[in-house]
Amino acid sequence: MKKKRILSAIVAFATALCGVTFFGGRGMMPDMSLVAGAEETSSGGISVSQAKVQKGGSFSVDIDVPANNIYIDTIEIRLLFDTDAFEITAWNPGISGAETNYSNSGGFATIVYATGGSGISLKNGFKFSAVMRAKSDAKLGEYDFKLSRCIVNSYDYNYRWNSPTTSATVKIINNVTTVGGTITSNGVPGTAVVTLTDGSGNASEAEVVLTESARVIRNDVEVILYSGKYSFSGVEIGDTVTIKAELDGCIANSEKLVVSSTAYTGTQSGNAVDLSMNKRADVDGDGTVSAFDATQILRYLTGKQSVVGDAENTAYIILVACVTGGDRVTVADATQILRFLAGKSSVFGNVQG
Ligand SMILES: [Ca+2]
């Protein structure tokens, strides 16, 4: 009974204080940041400066306490990390007088600050940063940094900050290298778009201007080859990536590559993916669509020697041959080309280019 009476008295006193502070007859709206029990949970929190890091690489784990027009009395932060994978190289909480500590064997970093009532302004907020290094012998994979303790409040608890996030993830990846190659079109100038998609589905794009690089004779027809080089840096060694080239007027081509440690330099074959592109139906790559292309499709379908089956990249040339759509070449593809060349109605007339 005695305990309950004391509690009632405190509630009554606090109510009286609120009445005086907020509704003291000045006709002003109360400052909401000073309302008893106010909590900030909508901003700030724990984050990492980058989602991926190579072995031996550095990054920071940041804890942002958002700005507020108030004085706070207590800060207690405890950050946990995996000692098999990381070590702290700098921990700079940035508050003079604060008690800070970290341990690379214990896997923690802490800050404790208590003013005992005099308070410290939160008007600029605080950013506590731990500079971390991924160990050279760390296992590849994802790791969480955890905010296991996070207390930020004013002396009277009228203000408390609760971090909206309590963990942040970093992925330790293999070292990275450069992948590149040459894009060539058979008879079509322009700017190709090359896309590299990594094993996780993340895509990077590069534009390659194709300029005349050679003139060759194919089946008695001279074709101008247009080409240009591309390269992508920061590609993870060991990953399986897909390189895709697209160019207006040509059928897109793509190829997979298991990335080795040999960086592409523009001249050698290591980590190089060269892609060639043809106009639709131009199966022999002479830059024009002729009866020769149609007969090569028919020869391929009847099992005779054909540039379609002999092509270095038959799967791509079959795509080029599929003028009626899909990815399986049929007699209709050849006949639609021949109809088009004879001036008759043909689906090729609609899909050409
Ligand atoms: Ca041709």
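Just so you know, these numbers come straight off a predicted model, no measurement behind them.

*Asks:* Would you explain helix α5 (residues 331–341) in this entry?
*Replies:* Counting along an α-helix, one turn takes 3.6 residues, and residues three or four places apart therefore face a common direction. Of the positions making up α5, those classed as buried are Asp333, Ala334, Gln336, Ile337 and Phe340. Burial along α5 is one-sided: seen end-on, the buried residues are contained in an arc of 165°. Structurally, α5 contributes buried residues whose contacts are with α2 (291–301), α4 (314–321) and α6 (347–351).

*Asks:* I keep staring at the sheet that holds strand β7 (residues 86–92) and nothing clicks. Help me out?
*Replies:* By definition, the strands of a sheet pair up through backbone hydrogen bonds, in either a parallel or an antiparallel sense. Strand order in the open sheet made by the four strands is β2-β4-β11-β7, with antiparallel pairing throughout. With partners counted over all chains shown, the strands left at the sheet margins are β2 (45–48) and β7, one partner each. Geometrically, the sheet is characterised by an average inter-axis angle of 20° between neighbouring strands, direction not taken into account. With four bridges connecting them, β2 and strand β4 (residues 58–65) associate as antiparallel partners. Bridging across to β4, isoleucine 46 finds its partner in isoleucine 63.

*Asks:* Got a minute to help me understand α2 in this structure?
*Replies:* Among the residues of α2, those classed as buried are Asp293, Ala294, Gln296, Ile297 and Tyr300. The arc that holds every buried residue of α2, seen down its axis, measures 160°, which confines them to one face. Buried residues along α2 sit against α3 (307–310), α4 and α5. A positive backbone phi angle near 80° is found at glycine 303, which sits one or two residues after α2.

*Asks:* Any chance you could explain the sheet that holds strand β19 (residues 240–246) here in plain terms?
*Replies:* Spatially, seven strands are ordered β20-β19-β16-β17-β18-β15-β21 in an open sheet, and the strand pairing comes out mixed. The sheet is open, and its two edges are formed by β20 (253–258) and β21 (275–277), each paired on a single side. Direction aside, the axes of adjacent strands within the sheet are offset by 25° on average. As judged from the eight bridges shared by strand β16 (residues 190–197) and strand β17 (residues 203–218), these two strands associate in the antiparallel manner. Across the sheet, residue leucine 196 finds its bridge partner in β17, namely serine 204.

*Asks:* Got a minute to help me understand the pairing of β16 in this structure?
*Replies:* On any regular strand, side chains alternate: one points to one face of the sheet, the next to the other face. Between the antiparallel neighbours β16 and β17 lie five residues, among them glycine 201 with a positive phi of about 90°. Relative to β19, β16 runs antiparallel, the two sharing five bridges. When the sheet's bridge partners are listed, valine 194 is paired in β19 with alanine 245.

*Asks:* Any chance you could explain unusual backbone geometry here in plain terms?
*Replies:* In most cases, non-glycine residues show a negative phi, while peptide bonds are predominantly trans. For tyrosine 157, which is not a glycine, the phi torsion comes out positive at approximately 65°. If you trace the backbone, tyrosine 157 turns up in the loop between β12 (141–153) and β13 (159–161). Non-glycine residue alanine 281 carries a positive phi angle of around 80°. Its place among the elements puts alanine 281 in the loop between β21 and α2. Its 25 C-beta neighbours within 10 Å are what place alanine 281 among the buried residues.

*Asks:* Sorry if this is basic, but what is going on with the nonpolar core here?
*Replies:* Within soluble globular proteins, side chains that are nonpolar tend to cluster in buried spots. Grouped together as the largest cluster of nonpolar side chains are 31 residues, with contacts concentrated most on Val61, Ile77, Leu79 and Ile172. Secondary structure elements with two or more residues in this core: β4, β6 (74–80), β9 (108–114), β11 (126–134), β12, β13 and β14 (167–173). With five residues, β11 is the largest single contributor of residues to this core. Excluding residues within four positions of it along the chain, isoleucine 172 makes contact with Val53, Lys55, Ala85, Ala134, Ala138, Leu140, Gly141 and Tyr143. Core analysis: the second largest hydrophobic core is formed by 22 residues, Val188, Val194, Tyr226 and Leu247 among them.

*Asks:* Is there a simple way to explain the confidence of the model for the chain in this structure?
*Replies:* Fine structural detail should not be taken from predicted coordinates in areas where pLDDT scores are low. Of all residues in the chain, 88% have pLDDT values of 70 or greater, and the mean over the chain is 87. pLDDT under 50 marks residues 1–36. Its contacts with residues more than four places away, or in other chains, come to 12 contacts.

*Asks:* Mind showing me how you'd approach the pairing of β17 here?
*Replies:* Here seven bridges tie β17 to strand β18 (residues 221–236), and the two strands are oriented antiparallel to one another. Looking across to β18, one finds that alanine 214 is bridged to leucine 225. With antiparallel pairing between neighbouring strands as the criterion, β17 and β18 make up a hairpin whose turn holds two residues, including asparagine 219 at a positive phi of roughly 50°.

*Asks:* Can you walk me through the environment of asparagine 124 in this structure?
*Replies:* Positionally, asparagine 124 belongs in the loop between β10 (120–121) and β11. Residue asparagine 124 is classed as exposed on the basis of its 9 C-beta neighbours within 10 Å. Sequence separation between asparagine 124 and alanine 67 is 57 residues, and the spatial gap between their C-alpha atoms is 4.9 Å.

Criteria and cut-off values
Residues numbered from 1 in each chain as written. Predicted model: local features only at pLDDT ≥ 70, side-chain atom pairs only at ≥ 80, totals over all residues. Buried ≥ 20, exposed ≤ 12 C-beta atoms within 10 Å, placed from the backbone. Helix = DSSP H or I, 4+ residues; strand = E, 2+ residues; numbered from the N terminus. Arc of directions from axis to C-beta. Contact = placed C-beta atoms within 7 Å. Pairing = 2+ DSSP bridges. Axes fitted to C-alpha atoms, helices over the stretch in contact; angles between N-to-C directions. Core = buried A, V, L, I, M, F, W, Y, C linked by C-beta atoms within 7 Å. pLDDT = per-residue confidence, 0-100.

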